[in-house]
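So you can see what is in the structure, the chains are spelled out below.
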Amino acid sequence: MGPRRRHRWWWRASAGLGVLLVAVVLGVVAEFFGGLRSDPAFLACLTDACYTRIGGGGERGIAVLNRTVMLSPRGIDPVIAAHELTHVELHARLGTASVPQWFDEGLAVLVSDDPRYLLPEGPGDRCRVAPAGPLPESLDAWLRAAGSDPQVYAQAGCAVSRLLAAHDVHALVALLAAGEALPG
Ligand SMILES: [Zn+2]
């Protein structure tokens, strides 16, 4: 097999896995929300150079303008892809309403079932790390907090899992879409 053919084989296998990955995460997020209202494009890069070229930074994946999910080579992973798709789907359901950043991130942690930040499903709650105080509401505050301690994702996942144990997700999204605050 010459280098050219090997390259084509590799590309086809990677593209096939990418299609499978997208199908899996669309299923995961649709199951959580009871369907999808968003229809984002997925852009995945197999190299860092590619990810830089399409505008990516140091993150593993990102939801851009709530229309595109971009995945770096380290983000071609069902957890990361489901996390970013959750952001897109939540914002499609919220319209122009804003949402506390901790809720946005905690929901993405929960829907993607992120084992870095949540305990496996079981008899108790999912919390690895309970919030020590109020969680960051604004994007700026969130980025500052996450920059100094990534476990803020675990705290947000904990808070959202507790909230959803007591409230229906559609009722919460409706509250937020109406510009109201989340129940304390
Ligand atoms: Zn996120």
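Residues numbered from 1 in each chain as written. Predicted model: local features only at pLDDT ≥ 70, side-chain atom pairs only at ≥ 80, totals over all residues.

### As for unusual backbone geometry
The following threshold applies: The exposure label follows from counting other C-beta atoms within 10 Å of a residue's C-beta, where the C-beta atoms are placed from the backbone and the thresholds are 20 or more for buried and 12 or fewer for exposed, leaving partly exposed in between. For the purposes of this entry, the term helix denotes a DSSP run of H or I that reaches at least four residues, the term strand denotes a run of E that reaches at least two, and both are numbered from the N terminus.
Positive phi values are uncommon outside glycine, yet Leu65 reaches one of about 50°. Overall, the presence of 8 C-beta atoms within 10 Å leaves Leu65 in the exposed class. For Asp113, which is not glycine, the phi dihedral falls at a positive 55°. Relative to the helices and strands, Asp113 is located in the loop between α4 (101-111) and α5 (139-148).

### Regarding the domain arrangement of the chain
It is common to report an interface's size as the accessible area lost on association of the parts. This is how it is decided: In this document the domain limits rely on a domain assignment from an automatic tool or a database.
Each assigned domain of the chain is listed here: domain 1 (1-80) and domain 2 (96-184). The C-alpha-based centres of domain 1 and domain 2 are spaced at 24 Å.

### What to know about the packing of α4 against helix α6 (residues 152-166)
How we decide: Simply put, an axis is a line fit to the C-alpha atoms, just over the touching stretch for a helix, and the angle between two N-to-C directions goes from 0 to 180 degrees. Here is the rule for angles: anything less than 35 degrees is roughly parallel, anything more than 145 is roughly antiparallel, 65 through 115 is roughly perpendicular, and the remaining ranges are oblique. What counts as a contact is two residues whose backbone-derived C-beta atoms lie within 7 Å of each other. Ten residues, namely Ala, Val, Leu, Ile, Met, Phe, Trp, Tyr, Cys and Pro, are considered nonpolar, four, namely Asp, Glu, Lys and Arg, are considered charged, and the remaining ones, Gly among them, are considered polar.
α6 packs onto α4 with a crossing angle of 85° between their chain directions and a minimal axis gap of 7 Å. Classified by the angle their axes make, α4 and α6 are roughly perpendicular. Seen from α4, the contacting residues are Trp102, Phe103, Glu105, Gly106, Leu107, Val109 and Leu110; seen from α6, they are Tyr153, Ala156, Gly157, Ala159, Val160, Ser161 and Leu164. Of the residues assigned to the contact of α4 with α6, the class counts are 10 nonpolar, 3 polar and 1 charged.

### So, the sheet that holds strand β3 (residues 68-71)
Definition in use: Strands qualify as paired when DSSP identifies two bridges or more between them.
Ordered by their spatial adjacency, 3 strands build an open sheet running β1-β3-β2, and the pairing between neighbours is mixed. The open sheet has two edge strands with one neighbour each: β1 (41-44) and β2 (61-64). Recorded for the sheet is a direction-independent mean angle of 15° between the axes of neighbouring strands. Of the pairings in the sheet, the one linking β1 to β3 comprises 4 bridges and is parallel in character. If you follow Ala44 over to β3, its bridge partner there is Leu71.

### Some remarks on the pairing of β2
Every second residue of β2 is oriented toward a common face, the buried set being Gly61 and Ala63 and the non-buried set Ile62 and Val64. Here β2 pairs with β3 via 4 bridges, running antiparallel. Within β3, the position partnered with Gly61 by the bridge is Leu71. Between β2 and β3, which pair antiparallel in sequence order, lie 3 residues; one of them, Leu65, sits at a positive phi of approximately 50°.

### Quick notes on the nonpolar core
Nonpolar side chains tend to gather and get buried jointly when the protein is soluble and globular. The line we're drawing: The nonpolar core criterion groups buried Ala, Val, Leu, Ile, Met, Phe, Trp, Tyr and Cys residues into a set whenever they are joined through C-beta atoms within 7 Å.
In this structure, Val69, Ala81, Ala82, Leu85, Leu107, Val109 and Ala156 are the most contacted members of the largest nonpolar core, which totals 32 residues. Those elements giving two or more residues to this core turn out to be α1 (3-33), β3, α3 (78-94), α4 and α6. Shared between two domains, this core holds at least three residues of each, these being domain 1 (1-80) and domain 2 (96-184).

### Describing α3
Formally: A helix is expected to span 1.5 Å multiplied by its residue count minus one.
Across its 17 residues, α3 extends 24 Å between first and last C-alpha, which sits within 8% of the 24 Å expected from 1.5 Å per residue. Burial analysis of α3 places 13 of its 17 residues in the buried class, the great majority of the element. Positive phi appears at Gly95, one or two residues downstream of α3, with a value of about 65°.

### Some points on the environment of Leu164
Along the chain, Leu164 turns up in helix α6. Contact partners of Leu164, with chain neighbours within four places excluded, come to Leu110 and Val169.

### Brief notes about the environment of Ser72
In this fold, Ser72 is placed in the loop between β3 and α3. Residue classification places Ser72 among the buried positions, given that 24 C-beta atoms sit within 10 Å. Spatially, the C-alpha atom of Ser72 lies 19 Å from that of Glu105, the residues being 33 residues apart in sequence.

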